Amino acid sequence: MSRDLQLKERWGVLVEKLSTQFADGDLLELDAIIYLIGVQELGQYHRIYKKDEKLNLMHIAICRLLEPYGYYEFDFFDEDGWPHYTIKETLPPLKAGEQSVLMKEAIVNYFVEKSYIN
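Here we summarise the structure given alongside this text. In this text, all values refer to a predicted model and were calculated from it rather than measured experimentally. (Residues numbered from 1 in each chain as written. Predicted model: local features only at pLDDT ≥ 70, side-chain atom pairs only at ≥ 80, totals over all residues. Heavy atoms only, no water.)

Things to note about the nonpolar core
- Judged by nonpolar contacts, the single largest core of 27 residues is most densely connected at Leu-14, Ile-33, Ile-37, Ile-107 and Phe-111.
- When contributions to this core are tallied by element, the ones reaching two or more residues are α1 (3-22), α2 (30-42), α3 (51-66) and α4 (96-113).
- Apart from residues lying up to four places away in sequence, Leu-14 is in contact with Ile-107, Val-108, Phe-111, Tyr-116 and Ile-117.
- Counting six residues, the second largest nonpolar core, distinct from the first, contains Val-39, Leu-42, Leu-57 and Trp-82. (Core = buried A, V, L, I, M, F, W, Y, C linked by side-chain atoms within 4.5 Å. Buried < 20%, exposed > 50% of the residue type's maximum accessible area, 1.4 Å probe, protein only. Helix = DSSP H or I, 4+ residues; strand = E, 2+ residues; numbered from the N terminus. Contact = heavy atoms within 4.5 Å.)

What to know about the packing of aromatic side chains
- The final tally for this structure, using the stated rule, is five aromatic pairs.
- Summarising the aromatic geometry, the rings of Tyr-49 and Trp-82 are spaced 6.5 Å apart at their centres and angled 90° between planes, so their arrangement reads as edge-to-face. On the criterion of sequence distance, the pair formed by Tyr-49 in the loop between α2 and α3 and Trp-82 in the loop between β1 (72-77) and β2 (83-87) is long-range, its members being 33 residues apart. Pair check on accessibility: Tyr-49 and Trp-82 agree, each one buried.
- Three or more aromatic residues joined by ring pairs form one cluster here, namely Phe-74, Phe-77 and Tyr-85.
- Geometry around Tyr-116 places Lys-17 over its ring, the cationic atom sitting 4.3 Å from the centre. (Phe/Tyr/Trp six-rings, centres within 6.5 Å; stacked < 30°, edge-to-face > 60°. Lys NZ or Arg CZ within 6 Å of the ring centre and 35° of its normal.)

Shown next, in the form of structure tokens:
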């Protein structure tokens, strides 16, 4: 199976599974999945987040997702338990479609690593 076809298949399975678990079956979009990863990485599940905290959660997720690609490196947890990352390498300029494929690939790899999907 080609890499693109495998990614598309795994992405579909992941979106369906997350949507069933967190959105009563309404299909989650990429940003919502990134947000969920941020909450997972922070580990503070049962609280309400302010708008700026939601953006920070998405930033945490993006850093964590792109860490295996060498773009970010975990640095430390602050006194409130929020993870901080440092930039190791600047992301190359990507077209919107390329950026979307990179994030989907990183998300699929994240959930495979967590044994949420195969």
